[in-house]
Amino acid sequence: MFCARLAKAAVTPPYEWREFVRQCDAIGAMSLPLVALAGAATGVVLSLETRDGMVRFGAKSLLPAIIVFSIIKESGPVITGLVVSGRAGAGIGAELGSMKVTEQIDAMEASAVDPYRYLAVTRVLACTLMLPLLTVAANFCGIFMGWVANTLWDPISLRLFLDSGFKEVAFSDYIPPILKTAVFGLIIGVVACFQGMRTKGGTEGVGRTATSSVVLASLFVILADVVLVRLILFIWPLS
Amino acid sequence: MSMETGDQQPPIEVRDLHKSFGAQTVLDGIGLEVRRGETLAVLGRSGTGKSVLLKLLIGLQAPDRGTIAIEGHDITASSLEELNEVRKKIGFLFQQAALYDSLNVEENVVFPMGRHSSMPVEKQRLRARQLLASVGMRQDLNKLPSEISGGMQKRVGLARALALDPEILLFDEPTAGLDPITAAEIADLIVGLKKQHRLTAIVVTHDIRGARTFADRIVLLNLGKIVAEGSFAELRKSKDKFVSQFLREGS
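Everything numeric here is computed off the predicted structure, so don't read it as measured data.

Peer 1: Help me get a handle on the overall build of chain A, residues and values and all.
Peer 2: What chain A contains, in helices and strands, is 9 helices and 0 strands. With respect to the principal axes defined by its C-alpha atoms, chain A has extents near 70 × 35 × 30 Å. Looking at chain A residue by residue over its 239 residues, the buried ones come to 48%.

In structure tokens, the structure reads:
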């Protein structure tokens, strides 16, 4: 029922462009520092942890490729999905929950404005559009900091690191995981809006909504990742 | 769905309205008519379903049984699109004003116009400022709702309720939580609006003194039923124990 009203509001005019842009800023631009930091930390940890194993097996030269592959195929998308689940999921859930318990959503309906169109569609679409862009940023920071961490032990130029890292990377390695995060964004937006718009029980209910939005969005992102990785492997089989 | 219409058609007509939440019956066969230009005050103890009645009248909740005709349209049998057309004719002032937190005072009033009016944006803003001035809000138009007092929020809520030039106004506790002076000012505003726009209004309130000021007729609810109906003077003559106790304690 919720998804049907959401889908109908998304494809029929009028469109709330101004609110959509505001949400892109709130969900995308405001999440950027956190996502970049999480991506950078992942790059450093991957570099430090993988290095030891690679040196033991005499495959140190493969380190750049392993860092790049690991980040663009899995770490970057999943870290971004989970970080945005936490930040935007809680934010959307609490905001809409608070609007629900203070009758602001009722006021919108009473003035013949569709809250699904104005509140839910704009946030769901903003999450869906922003997640891939944030993932690109997380990937960039992760790979760059992976190089920095690597260079501290074994100085290597950035160009050489990128050349050896991206040598074997194909279209099917890069684009599908980025697109996968659009589904993560859709999940985060739908879960948080659904939880927010059915909030009951005053401020306590708003707290419960914020928690359930984060927990359910994170859970569904992880489950969707399993399904989508299988789907990507089905569409673009490993060579 | 359109019912019989005509000049004599009451703008609000409610028949045999029932609403329960679980085992708790809130409204038990309410029937009332509000004539054009009339202000009806709905009084009653807390929890007797007064606010629920208003939410049923604007389609925010659905009744278990009964019909609600607004300007001849039975909203209990309408689609969402038909209901929204009816809602454009109704202004609603919520108990806590329910202003949009993320919009400033002026944007709150422009919000419904931006979605339902073909007026250019500048004219919408001009009309919003005029409406705000008419309810005594000439300053602080760029402030957020959280930065203004409860009385000012009620005024902004009233200006927003008038934004689409409605024929019917519904007030949910317009003077609740306000000091006596501000409450009296809001009551005077309702009287002024009534004269100025010839609006049909239903005011749910505990404020008997305010109801005397603005209401043409009063209905008293108890245990989900209308137990008394008439002018304040008529109700004062009632021999019913509940009615006389309610009016005596509230005055």
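Next comes the rest of the write-up.
Peer 1: Quick rundown of the overall build of chain B? Include the residues and the values.
Peer 2: When helices and strands are counted, chain B shows 9 helices and 10 strands. Along the longest, intermediate and shortest principal axes, the C-alpha atoms of chain B span 55 × 45 × 40 Å. Looking at chain B as a whole, 42% of its 251 residues are labelled buried. Here the analysis covers contacts within chain B between residues at least 6 apart in sequence; of these, 65% occur between residues at least 24 apart.

Peer 1: Hey, could you go over the confidence of the model for chain B for me, with residue numbers and the actual values?
Peer 2: Parts of the prediction with low pLDDT should not have their coordinates interpreted in detail. All names here are of chain B. Residue-level pLDDT values for chain B average 90, and 96% of them are 70 or greater. Note that residues 1-5 has pLDDT below 50 and, in this model, 13 contacts with residues that lie over four places away or in other chains. This prediction of the complex comes with two scores: 0.89 for pTM and 0.91 for ipTM.

Peer 1: Before we move on, could you go through the sheet that holds strand E5 (residues 73-74) of chain B and cite the residues and values that matter?
Peer 2: Residues and elements named next belong to chain B. If you trace the 4 strands from one edge of the open sheet to the other, you get E2-E1-E4-E5, paired in antiparallel fashion. The sheet terminates laterally at strand E2 (24-34) and E5, the two strands that pair on one side only. Direction of pairing for strand E1 (residues 12-21) relative to strand E4 (residues 65-70): antiparallel, over a ladder of 5 bridges. Looking at the pairing, Arg15 lines up with Thr67 of E4.

Peer 1: Give a detailed account of the nonpolar core, specifying residues and quantitative values.
Peer 2: Among the nonpolar cores identified, the biggest contains 125 residues, and Ile188(A), Val42(B), Ala159(B), Leu170(B), Ile202(B) and Val203(B) are the most heavily contacted of them. If you tally residues by element for this core, the top one is helix H6 (residues 115-153) of chain A, at 15 residues. Not counting chain neighbours up to four residues away, the residues in contact with Ile202(B) comprise Ile12(B), Val34(B), Leu40(B), Val42(B), Leu54(B) and Leu170(B). Val68(A), Ile71(A), Ile72(A) and Phe161(A) belong to the second-largest nonpolar core, a separate cluster that totals 9 residues.

Peer 1: Which residues make up the interface of chain A and chain B, and what values go with them?
Peer 2: Across the contact, 10 residues belong to chain A and 15 residues belong to chain B. The class makeup of the residues in the side of chain A that touches chain B is 4 nonpolar, 3 polar and 3 charged.

Peer 1: So what's going on with the pairing of E4(B)? Which residues, and what values?
Peer 2: As paired strands, E4(B) and E5(B) are joined by 2 bridges and run antiparallel to one another. Opposite Ile70(B), over in E5(B), you have His73(B) as the bridge partner.

Peer 1: Please give an account of helix H5 (residues 150-161) of chain B that cites residues and values.
Peer 2: Residues and elements named next belong to chain B. An ideal rise of 1.5 Å per residue puts 16 Å on 12 residues; H5 measures up with 16 Å between its terminal C-alpha atoms. Those residues of H5 not exposed but buried are Met152, Gln153, Lys154, Arg155, Val156, Gly157, Leu158, Ala159, Arg160 and Ala161. Among the structural elements, strand E6 (90-93), helix H3 (105-116), helix H4 (121-134), strand E7 (168-172) and helix H6 (180-197) are those in contact with the buried residues of H5.

Peer 1: Break down H6(A) for me, with residues and values.
Peer 2: Residues and elements named next belong to chain A. Taking 1.5 Å as the rise per residue, H6 with 39 residues should run 57 Å; its terminal C-alpha atoms sit 55 Å apart, in good agreement. At Val121, H6 shows its largest kink, close to 30°. In terms of burial, H6 is a largely internal element, 28 of the 39 residues being buried.

Peer 1: Would you mind going over the sheet that holds E6(B) in detail, with residue names and values included?
Peer 2: All names here are of chain B. The strand order E6-E7-E8-E3-E9-E10 describes an open sheet built from 6 strands, whose pairing is mixed. Whereas interior strands pair on both sides, the edge strands pair on one side only; in this sheet they are E6 and strand E10 (225-230). The mean angle between the axes of side-by-side strands here comes to 15°, regardless of whether they run parallel or antiparallel. With 5 bridges joining them, strand E9 (residues 217-222) and E10 adopt antiparallel strand pairing. Residue pairing for E10: Ile218 is matched across the bridge by Gly230. Strands in contact with H5 are E6 and E7; relative to E6, the strand with the most contacts, it is inclined by about 170°.

Peer 1: Tell me what's going on with the packing of helix H4 (residues 63-101) of chain A against H6(A), and back it up with residues and numbers.
Peer 2: Residues and elements named next belong to chain A. At a closest axis distance of 7 Å, the pairing of H4 and H6 adopts a crossing angle of 145°. You can see that H4 and H6 cross each other, and the crossing is right-handed. By residue class, the composition of the contact of H4 with H6 is 17 nonpolar, 9 polar and 1 charged.

Peer 1: Now, about unusual backbone geometry: what can you tell me, with residues and values included?
Peer 2: With an omega dihedral of 0°, the bond running from Pro13(A) to Pro14(A) counts as a cis peptide bond. Turning to its location among the elements, Pro14(A) is positioned in the loop between helix H1 (2-11) and helix H2 (17-27). Positioned with a positive phi, Glu71(B) is a non-glycine residue whose angle comes to about 50°. Structurally, Glu71(B) is set in the loop between E4 and E5. With 21 C-beta atoms packed within 10 Å, Glu71(B) lands in the buried category. Unusually for a residue other than glycine, Asp165(B) sits at a positive phi of about 55°. With respect to the secondary-structure elements, Asp165(B) resides in the loop between H5 and E7. A residue is classified by how many C-beta atoms lie within 10 Å of it, and Asp165(B), with 14 of them, is partly exposed.

Peer 1: I'd like a rundown of the environment of Leu6(A), residues and numbers included.
Peer 2: Residue and element names in this part refer to chain A. Its location among the elements puts Leu6 in helix H1. Owing to 20 C-beta atoms within 10 Å, Leu6 belongs among the buried residues under this scheme. When the C-alpha positions of Leu6 and Phe194 are compared, they lie 9.8 Å apart, and in sequence the two are 188 residues distant. Ignoring any residue separated from it by four or fewer positions in sequence, one finds Leu6 in contact with Tyr116, Ala120, Val121 and Val124.

Rules of the game
- Within any chain, residue numbers begin from 1 and follow the written order of that chain's sequence.
- Both sets of labels track the order of writing: A upward for chains, 1 upward for ligands.
- Restriction of local features to residues with pLDDT of at least 70 applies here, the model being predicted, together with a cutoff of 80 or more for giving and counting side-chain atom pairs; totals for whole chains, interfaces and linings are based on all residues.
- Helix and strand assignments come from DSSP, with helices taken as H or I runs of at least 4 residues and strands as E runs of at least 2, each series counted from the N terminus.
- Between the buried cut of 20 or more and the exposed cut of 12 or fewer other C-beta atoms within 10 Å of a residue's own C-beta lies the partly exposed class, and all C-beta atoms are placed from the backbone.
- Each residue is represented by a C-beta atom placed from its backbone, and any two residues with such atoms within 7 Å are regarded as in contact.
- A residue's pLDDT is simply how confident the predictor is in it, with values from 0 to 100.
- In this description, strands pair whenever DSSP reports at least two bridges between them.
- Structurally, a nonpolar core is described as a collection of buried Ala, Val, Leu, Ile, Met, Phe, Trp, Tyr and Cys residues joined by way of C-beta atoms within 7 Å.
- For this scheme, ten residues count as nonpolar: Ala, Val, Leu, Ile, Met, Phe, Trp, Tyr, Cys and Pro. Four count as charged, namely Asp, Glu, Lys and Arg, and the remainder, Gly too, count as polar.
- In this analysis, the expected span of each helix is defined as 1.5 Å times one less than the number of residues it contains.
- Fitting axes to the seven residues that end at a residue and to the seven that start at it, the angle between those axes gives the bend at that residue.
- Between N-to-C directions, angles cover 0 to 180 degrees, with each direction set by a line fitted to C-alpha atoms, over the stretch in contact for helices.
- The crossing is said to be left-handed when, going from far helix to near helix, the turn is anticlockwise and less than a right angle, and right-handed when the turn is clockwise.

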